[in-house]
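# A structural walkthrough
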Amino acid sequence: MKDLAQHALNVAELAGASYADIRIINEDSERVEVKDGQVGSINRRTSGGFGIRVIANGAWGFASSPKIDKAEIERVARQAVKVARASALLKIRDLELAPVEKYIDKYVTPHKKNPLEVPIEDKIALLLKTDEIMRKVKGVNITESQIAAWVEDQLFASTIGSFIEQRIIQCGGGYTATAIRDGDVQYRSYPCSHDGQWESNGYEMIEALDFPGHAQQAAEEAVALLSAEQCPSGEKDIILEGSQLSLQIHESVGHPLELDRVFGSEANFAGTSFATTDNLDQLKYGSDIVNITSDPTCPMGLGSFGYDDEGVKARKHDLIRKGLLVNYLSSRETAQKIGKISTGAMRADGWDNMPLVRMTGINLEPGTKSTEQIISETDDGIYMATNKSFSIDDRRSNFQFGTEIAWEIRQGKLGRMIKNATYTGFTPQFWNACDAIAGPGDWKIWGTANCGKGEPSQTARTAQGCSPARFRKIKVGVIPGKK
Amino acid sequence: MMIDKNQAQEICKKALSFVKEGQAEVNMVQTVAPLTRIANNTIHQNVETSDISLSLRLDIDGRSGRAATNQFDDESLKRAAGQATEAARAITGQQELPPLMGPQKYKDIQSFDQSTALMEPEQRAEMVLKAVNLAKQEKVELAGLVSNLLYVNALANSNGLFAYHRMSQLTMEITARSGITAGRHAKTVRKADQLDPEKVASIAIQKCLGGLNAKSLEPGEYTVILEPEAVTTPLMFLSYLSFGAQAVQENLSCLSGKLGQKLMGDNITITDDAYHPLAIWAEPFDSEGMPKKKVTLIEKGVAKGPVYDLKTAAKDQTETTGHGLPQPNTWGPMPRNIILEGGSSTLEDMIKSTQRGVLVTRFWYNRVVDRKIPIITGMTRDGTFLIEDGKISCGVKNMRYNQDLVEFFNNVETLGLPESQENMVVPPLKVNNFHFTGLTEQ
């Protein structure tokens, strides 16, 4: 493969490329689903191919193919240069890239058990056992659970001289109980919604989640929600549980700090950002206790790797320090525009897509108090857990989130259960209202397995680490007819 | 190189030859998706991607496994067959599996144009160049894309079924920007010569310029006039949440227990019809190889029925309508070509007849808030205008909505002339009492 990769780079240079890189990838994946006591589906997939990215005449070109042989690599390398020349018809200036070091290295996701080597029978048995526990709870109508895994082998080579081999191992899963009564539909998921928790890790993470051990509680809470009070409307102090806060970070910190979208690359699709570059080192994004990093080296993070998809070594970077915006998620091209080095955030969905600036591990550093202590210091609030709906505008300013479950907080104690909890706000105002973050004991890195961006549409697997946090005077209960 | 019918049949036959037990189905899909992407009046991403994937379903003793690969050498196909066998063998208990059907007859849908499918990067760049030249004259910046797509779908099984269909389309999307003000227009056509890049760009640019110095509106109930792209949002959500038979059977659909009852306004008739002449992205068969039928979902406001696959049809003792997804799955059948019957009004007529209202180009980041009612939330984007005294008076800042969709389709006052929106056909709508619940800017 290394010879083929080198050949591709040579052909691209001979065709006129001033820079070229190639990623040769094979990804094996598997998904096992159980629904209502039966195996719903088992899907296994292998996808292999290569993508060649070039700069020619000062503009980008990209071409790819699933057929990995010498002749095809030559054809695709020349096609990439042809595409770049077409791009150059509309260039304003020649592309410039921030510098990157040359690396010859190998990286493998730390793991104990390759999830694709664990027998399917074991996964089915675990899901059926979990499913059975949920279905025994009276009032539960639908039960669904799943386990999925991806193992990607990648060779990256560039005309800078880098040859980087990586094996990224990711897996996860979860389940949901659904209760329906009189037109009301309520869900409870474990360990979180959107198919569960995902990590760059081995199958040991599935075992550690103890699916059966939490199934009864999830099912009982789904049924209990049918009789719960509706979310009140007004301003409340809210405490967000980890997985909900993880999505809040993803949507209102991760995306707005993607430097390609700040520069308008996503203006037609994913949108732009309120956090324009004139805000760098100026914008008070959050309160003084808000410290957020990009850290693709974070153990178990779904967005962790050794090198990004343009050969930049994974490193931790500050994004927000003591509430101040200090950097963006960047690529070599975008970092150069603000006079910085790349934060190593270029990632592509498979072999057939050009890398984009994506989230890695976007982590809110922990505070000092325990979650219990923060609750005990809240007089009139709502504790909200597990995302149910999420929506944020194209500049990442205004958001509305809903959670599966919530509890009223009165005089420092959790009270009655609340259903259809929603909250809304504006990004910097919201993060400046953060006055308490739970400590390292409650900190966890959560995975988002389906982050969409780009045209053609790409899916990225990202991570956000956090512990529960409190936000003062947030507008809650915003759905008409759900008051 | 496009895979023709004979080649597809050979590939499917070869894949099936590696199956040593049980019954099998193979689905081969070829996608060639070149795309030229612009931002800030320059091409910033230009890609040529293509793939051919093959997915093998294998049923053994009432249990089913599926394995997919994009490698077509003997070893890879043998491995896929082995993985599917291993998966099927691993299943304990029974699955409710729909049968693999025998040969079927399909109607012809002409949805392929060779010159569109095989456009070169230079042709896409020329289209972009025309658009950008207009933008420079008006001192706005364009983002957007031009993409020509080729899609080949072939399905075969060990009972002799074989289906083949190919589609192509050309899409141009343009978002014109000036500061934080944006205007958008998008067009998808079957044949490249049906698309005028300067017209697409011109509409987007005029929307952008017309939206400058936008005002804030107080949240509340408004009469809205929705352009066809905006109409696809409530219609798409209503369709996938409520119009599949499994959702109805599971009591998750707003149609559950209400078939035959009046749910929406008299002026609402919704069908699923792959054969509608304006449906651009349409196939004559579903993922089970069953011919697609035209299905009336809502007729003059009355709930008529969902779309079915083989499994859900058996449960309701009826016939499939040809809306199955790859089996087995936990999703159930889905509508694929939603047609909302229109009227004779134009967008201009609707604006003239409106004392005070909001014109919406499209909605963005739409998500489900309540599964069954259903309620969705989202925001306006890329061209939102205030209408006063029958005229567009100014641009308005984007607003968030939370909207009950059944209520929405009870509040439709006027329907316009339907047009293609890729796999859907929808008219512009004038709708009363639309719920804007917040602003997107402080």
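Residues numbered from 1 in each chain as written. Chains lettered and ligands numbered in written order. Predicted model: local features only at pLDDT ≥ 70, side-chain atom pairs only at ≥ 80, totals over all residues. Heavy atoms only, no water.

### A few points about the overall build of chain A
Secondary structure summary: chain A contains ten helices and 24 strands in total. Considered along the principal axes of its C-alpha atoms, chain A spans approximately 70 × 55 × 35 Å. Looking at the 483 residues of chain A, the share that counts as buried comes to 68%. Residue pairs at least 24 apart in sequence account for 75% of intrachain contacts in chain A once pairs closer than 6 positions are excluded. The positive charge centre, built from 57 side chains, and the negative charge centre, built from 64, are 2 Å apart in chain A. (Helix = DSSP H or I, 4+ residues; strand = E, 2+ residues; numbered from the N terminus. Buried < 20%, exposed > 50% of the residue type's maximum accessible area, 1.4 Å probe, protein only. Contact = heavy atoms within 4.5 Å. Lys, Arg positive; Asp, Glu negative; His and termini not counted. Charge placed at Lys NZ, Arg CZ, Asp CG, Glu CD.)

### Comments concerning the interface of chain B and chain A
Taken together, the contact between chain B and chain A spans 81 residues of the former and 77 residues of the latter. A combined buried area of about 6,700 Å² lies between chain B and chain A, and 50% of that area is made up of carbon and sulfur atoms. Three residues, B:Arg37, B:Thr330 and B:Tyr365, lead the burial of chain B against chain A; their summed loss comes to 9% of the area buried on that side. Linking chain B with chain A are seven salt bridges. Where B:Glu120 meets A:Lys82, a salt bridge forms, and the shortest distance between an N and an O atom there is 2.8 Å. Across the side of chain B that touches chain A, the residue classes break down as 30 nonpolar, 30 polar and 21 charged. For strand β2 (residues 38–56) of chain A and strand β5 (residues 63–69) of chain B, the ladder comprises four bridges, and the chain directions are parallel. (Buried area = accessible area lost by both parts, 1.4 Å probe. Salt bridge = Lys/Arg side-chain N within 4 Å of Asp/Glu carboxyl O. Nonpolar A, V, L, I, M, F, W, Y, C, P; charged D, E, K, R; others polar. Pairing = 2+ DSSP bridges.)

### Examining the domain arrangement of chain B
All names here are of chain B. Annotation of chain B at the domain level lists domain 1 (5–203) and domain 2 (214–442). Relative to domain 2, the C-alpha centre of domain 1 lies at a distance of 25 Å. Contacts between the two partners involve 36 residues from domain 1, matched on the other side by 29 residues from domain 2. Ranking the residues of domain 1 by area buried against domain 2 places Ile109, Met167 and Arg184 at the top, with a combined share of 20%. Counting across the interface, domain 1 meets domain 2 through one salt bridge. Between Glu229 and Arg184 there is a salt bridge, with the nearest N and O atoms lying 2.8 Å from each other. Inspection of the region where domain 1 meets domain 2 yields eight residue pairs in polar contact (both at pLDDT 80 or more). Elements with a minimum of two residues in the side of domain 1 that touches domain 2: β5, β6 (141–157), β7 (162–178) and β8 (181–189). (Domains from an automatic or database assignment. Polar contact = N/O pair within 3.5 Å; in protein donor to acceptor, adjacent residues only side chain to side chain.)

### Details of the domain arrangement of chain A
Residues and elements named next belong to chain A. Along its sequence, chain A is carved into domain 1 (2–227) and domain 2 (230–476). When each unit is reduced to the centre of its C-alpha atoms, the spacing between domain 1 and domain 2 is 21 Å. Contact residues are listed per partner, giving 55 residues for domain 1 and 47 residues for domain 2. Summed over both sides, the interface of domain 1 with domain 2 buries roughly 4,200 Å², with 54% coming from carbon and sulfur. Between Lys419 and Asp184 there is a salt bridge, with its nearest N and O atoms 2.6 Å apart. Counting across the interface, domain 1 meets domain 2 through 29 residue pairs in polar contact (both at pLDDT 80 or more). Here the residues of the side of domain 1 that touches domain 2 sort into 26 nonpolar, 17 polar and twelve charged.

### Observations concerning the pattern of salt bridges
Residues and elements named next belong to chain A. Going through the model one piece at a time under the given rule, you end up with 57 salt bridges over all chains. The closest approach of N and O atoms between Lys91 and Asp94, which form a salt bridge, is 2.6 Å. When its relative accessible area of 33% is taken as the criterion, Lys91 is described as partly exposed. A salt bridge links Glu251 to Arg396; its shortest N-O distance comes to 2.5 Å. With Glu251 in helix α6 (residues 242–254) and Arg396 in the loop between β17 (380–392) and β18 (398–410), the pair connects residues that are 145 residues apart, well separated along the chain. For Glu251, a relative accessible area of 3% gives the class buried. Among the ionic contacts, a cluster of salt bridges with common partners joins Glu229, Lys236, Asp380, Glu408, Arg410 and Arg416.

### Some words on the packing of aromatic side chains
Any aromatic ring pair is given by two values, namely how distant the centres are and how the planes are angled relative to each other. Summed over the entire model, instances satisfying the criterion amount to 28 aromatic pairs over all chains. Between the aromatic rings of A:Phe269 and B:Trp364, the centroid separation amounts to 6.2 Å while the plane-to-plane angle is 80 degrees, which identifies the pairing as edge-to-face. In this pair, A:Phe269 is assigned in the loop between α7 (259–262) and β11 (292–294) and B:Trp364 in strand β14 (residues 356–370), connecting two distinct chains. On the accessibility criterion, A:Phe269 (26% relative accessible area) is partly exposed. B:Trp364 gets classed as buried once you look at its relative accessible area, which sits at 12%. (Phe/Tyr/Trp six-rings, centres within 6.5 Å; stacked < 30°, edge-to-face > 60°.)

### Description of the packing of helix α2 (residues 70–88) of chain A against helix α4 (residues 121–138) of chain B
Between α2(A) and α4(B), the shortest axis-to-axis distance is 9 Å and the interhelical angle comes to 15 degrees. In terms of axis orientation, α2(A) runs roughly parallel to α4(B). Where α2(A) crosses over α4(B), the handedness of that crossing is right-handed. Residues A:Gln79, A:Lys82, A:Val83 and A:Ala86 of α2(A) lie in contact with α4(B), whose contacting residues are B:Pro121, B:Glu122 and B:Ala125. Taken together, the residues of the contact of α2(A) with α4(B) sort by class into four nonpolar, one polar and two charged. (Axes fitted to C-alpha atoms, helices over the stretch in contact; angles between N-to-C directions. Parallel < 35°, antiparallel > 145°, perpendicular 65-115°, else oblique. Left-handed = near helix turned anticlockwise from the far one by under 90°.)

### Side note on the sheet that holds β11(A)
All names here are of chain A. Here we have six strands laid out as an open sheet, ordered β13-β12-β11-β16-β23-β22, and mixed in their pairing. Sheet topology places β13 (324–325) and β22 (444–453) at the edges, where each strand pairs with a single neighbour. Sheet topology places β11 next to strand β12 (residues 317–321); three bridges connect them, and they run antiparallel. By the bridge assignment for β12, Ile292 is matched with Ile320. Across the sheet, α6 is in contact with β11, β12, β16 (361–364), β22 and β23 (458–466); its angle to β23 comes to roughly 120 degrees.

### So, the nonpolar core
Counting 53 residues, the largest nonpolar core has A:Ile238, A:Tyr285, A:Tyr423, A:Trp431 and A:Phe471 as the members making the most contacts within it. Residues B:Leu235, B:Leu255, B:Ile298 and B:Leu340 belong to the second largest nonpolar core, which totals 47 residues. (Core = buried A, V, L, I, M, F, W, Y, C linked by side-chain atoms within 4.5 Å.)

### Here's the deal with the environment of A:Asp442
All names here are of chain A. Mapped onto the fold, Asp442 is located in the loop between β21 (434–437) and β22. Accessibility expressed as a relative area gives 31% for Asp442, which makes it partly exposed. Apart from residues no more than four positions distant in its own chain, Asp442 is found in contact with Ser370, Thr371, Cys466, Ser467 and Pro468. A distance of 2.6 Å separates the side chain of Asp442 from the side chain of Thr371, its partner in a polar contact.

### Describing helix α5 (residues 197–210) of chain B
Residues and elements named next belong to chain B. Over its 14 residues, α5 runs 20 Å from end to end, which matches the ideal 20 Å to within 8%, given 1.5 Å per residue. Looking only at α5, the buried set comprises Pro197, Val200, Ala201, Ala204, Ile205, Lys207 and Cys208. Each buried residue of α5 lies within a common arc of 160 degrees when the element is viewed along its axis, so the set occupies one face. Capping of α5 at its N-terminal end is provided by Asp196; its side-chain oxygen lies 3.0 Å from the backbone amide nitrogen of Glu198. (Expected span 1.5 Å × (residues − 1). Arc of directions from axis to C-beta.)

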